[in-house]
Every structure is written in C-alpha cells, then in structure tokens.
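# Results of the structural survey
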Amino acid sequence: MRITAHDVLIVTDVQNDFCPGGALAVPDGDAVIEVVHRVAARFEHIVLVQDWHPADHISFASNHPGKRPFEQIDLPYGSQTLWPDHCIQGSFGADFHPALQLPQAELILRKGFDPLIDSYSVFFENDRITPTGLAGYLRERNLTRVFLAGLAYDYCVGYSALDARRLVLEAFVIRDACRAIDLSGSVARIEREFAEAGVALIESGELATVIR
Ligand code: VGL
Ligand code: ZN
C-alpha cells in the first residue's frame, strides 16, 4: 500500500499508564512501540495523541463513592465505564512511554481534559458532539486518509476510526500496531462496528514492504 502526502499516522495514547506497570495497563501495550516506529518511517505526517485528565475527572471510579473501576454508570451524555485514575495531567503516567521516539510528529493533541466528560475518540468527546479540533486541523492541512495505531484498540483507537468515517475520512487501523483492553466483549463489538462503518483493518507489513 502506497502512502501519500495526504496520509497521516495517528499514534494514540502510548503513555506510561497504558503500558505494563501503569495504572490502566493494556496487556502487552508497550509492544506497539517497535511496530509504530517501523511504520512511522513511511509517513510524512504524524500526530501524537495524549490522554490528559484532571484529578477530578468524571471517568475515575475514585470520584464516585461506592463505585469500582470497570463498572458502568449513566451520565448525561450516555453510559460511561469507570476507570482507575490514569493519565493525570503532568504525572509520570501521562508521559509518553520513554521508548516512543517520534520527534518528527507535527502535532500533539490532548484529550479528556474537561472534568465532566470523557473522550475516547481523538475527534469527538464521548457525547459524540464536542469536537477536539483534530478534524479541522486535518481538513486545513488536506490530510484525508488516517492510519491509526496505539492504545487501546477497542477504545481510543476504535472510537477514533469510527469517527473518522463519520467525518468521511478514509480510515485504516493497523492491527498489529495496536493492543486491546478487551472488556466485556469490546473487541468483538468494535470490529462489528468497523465492518459496518467501512473501517479497514490492515497489518503493518502491508505498509512497511512498500517503498514510498
Ligand atoms: C482509553 C480508557 C480510558 C484509551 C483512555 O485511550 O483507549 N481508554 N481512557
Ligand atoms: Zn482516559
């Protein structure tokens, strides 16, 4: 597959808290790093995304007395999974994993900073309405095909890919450049939605073997 000047690699949430030893560790999360580095060499445009919560964030179980991580609650914008405290602004857990080295990235986009709403997708907060600004950024720069990598496959990466399709962008999820949380069937669910929305699943080898 040939990468062009209209393609962007979006590397999501490769942060200490989502890697082994972190507060919301995704199994094998740090294994994405070498795959991301390999595919990044093909791209002219790279965006990094950082989950970036205040300590009083509504998605933290610790802010809901009597609730435990991974329970669901109903909020004005819909159902919300509660998480362990993670990616607190300025903390070590919120830093990118130290092995992730992409100094050529053109934008670092932070999400999840509003205390009252979570944001899995890099395009919209969890109300599916409030924009992060990334759609406008890509539009102004004429970046029309998004390639997604990082953590977690079934949450941030997955919701982002679905929203990309809603925005009429072409969306490719690089499967081996992602790892999943897999909570109550979340992987099967997101893959059903990928199929309905026209999100393409590819492997890094489909990019890495082709010379730009
Ligand atoms: C994510 C849960 C909570 C993600 C972020 O990046 O997939 N998941 N915050
Ligand atoms: Zn989060």
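Conventions we followed
- Residues numbered from 1 in each chain as written.
- Chains lettered and ligands numbered in written order.
- Predicted model: local features only at pLDDT ≥ 70, side-chain atom pairs only at ≥ 80, totals over all residues.
- Heavy atoms only, no water.
- Helix = DSSP H or I, 4+ residues; strand = E, 2+ residues; numbered from the N terminus.
- Rg over C-alpha atoms; globule rule 2.2 N^0.38 Å.
- Axes fitted to C-alpha atoms, helices over the stretch in contact; angles between N-to-C directions.
- Parallel < 35°, antiparallel > 145°, perpendicular 65-115°, else oblique.
- Left-handed = near helix turned anticlockwise from the far one by under 90°.
- Contact = heavy atoms within 4.5 Å.
- Nonpolar A, V, L, I, M, F, W, Y, C, P; charged D, E, K, R; others polar.
- Phe/Tyr/Trp six-rings, centres within 6.5 Å; stacked < 30°, edge-to-face > 60°.
- Buried < 20%, exposed > 50% of the residue type's maximum accessible area, 1.4 Å probe, protein only.
- Near = heavy atom within 4 Å.
- Polar contact = N/O pair within 3.5 Å; in protein donor to acceptor, adjacent residues only side chain to side chain.
- Areas by Shrake-Rupley, 256 points an atom, 1.4 Å probe, with all protein chains shown as cover.
- 1 Å grid on protein atoms, 1.4 Å probe; cavity = no way out; pocket = protein on both sides within 12 Å on 5 of 7 lines; lining within 4 Å.
- Points joined across faces, edges and corners; volume = space filled by probe spheres on them.
- Arc of directions from axis to C-beta.

### A closer look at the overall build of the chain
Check the secondary structure of the chain and you find five helices and eight strands. Put simply, the chain runs from its N terminus to its C terminus through helices and strands in the order β-α-β-β-β-β-α-β-α-β-α-β-α. Relative to the 2.2 N^0.38 estimate, which gives 17 Å for 212 residues, the radius of gyration of the chain is 16 Å and therefore close to what a compact globule would have. When the backbone C-alpha atoms are referred to their principal axes, the chain occupies close to 55 × 35 × 30 Å.

### Quick look at the packing of helix α3 (residues 153-166) against helix α4 (residues 186-197)
Helix-helix packing: each pair is described by the crossing angle between the helix axes and the interaxial distance. Across the interface, α3 lies against α4 with an axial gap of 10 Å and an inter-helix angle of 15 degrees. Taken together, α3 and α4 sit at an angle that is classed as roughly parallel. Like other packed secondary-structure pairs, α3 and α4 cross with a definite hand, here left-handed. Residues Y153, D154, Y155, G158, Y159, A161, L162 and R165 of α3 form the contact with α4, whose participating residues are S186, V187, I190, E191, E193, F194 and A197. By residue class, the composition of the contact of α3 with α4 is nine nonpolar, two polar and four charged.

### Focus: the packing of aromatic side chains
Summed over all chains, the structure comprises nine aromatic pairs. Arranged with centres 5.2 Å apart and planes meeting at 65 degrees, the rings of F43 and F147 form a pair that is edge-to-face. Placement of the pair is F43 in the loop between α1 (32-40) and β2 (46-51) and F147 in strand β6 (residues 145-151), with a sequence separation of 104 residues. Residue class for F43 comes out buried when judged on its relative accessible area of 6%.

### Digging into the site of ligand 1
If you check the shell around ligand 1, you find D13, F18, L24, D51, W83, H86, L151, A152, Y155 and C156 and nothing else. Between C156 and ligand 1, the recorded distance is 3.0 Å, taken from a backbone N or O atom to an oxygen atom. Expressed as a share of its isolated accessible area of 250 Å², the protein-covered part of ligand 1 is 100%. Grouping the constituent residues of the shell around ligand 1 by class yields seven nonpolar, one polar and two charged.

### Examining empty space enclosed by the protein
This model, assessed by the stated rule, comprises one cavity of 30 Å³ or more. Of the volumes computed, that of the largest cavity is approximately 130 Å³. Lining the largest cavity we find 16 residues, and of these D13, F18, D51, Y120 and Y155 sit closest to its centre. Here the lining of the largest cavity is built from residues that sort into nine nonpolar, three polar and four charged.

### Let's talk about α1
Listed in full, the buried residues belonging to α1 are V32, I33, V35, V36, V39 and A40. What you see down the axis of α1 is that its buried residues fit within an arc of 165 degrees, all on one side.

### Observations regarding the layout of surface pockets
A volume near 230 Å³ is recorded for the largest pocket. The wall of the largest pocket is formed by 14 residues, among which S79, Q80, T81, Y120 and Y159 lie closest to the centre. Elements that contribute at least two residues to the lining of the largest pocket include exactly β4 (78-81) and α3. A per-element tally of the lining of the largest pocket places β4 first, with four residues. Its residues assigned to classes, the lining of the largest pocket shows five nonpolar, seven polar and two charged.

So, to be careful, I would describe these as geometric facts and stop short of saying anything about function.
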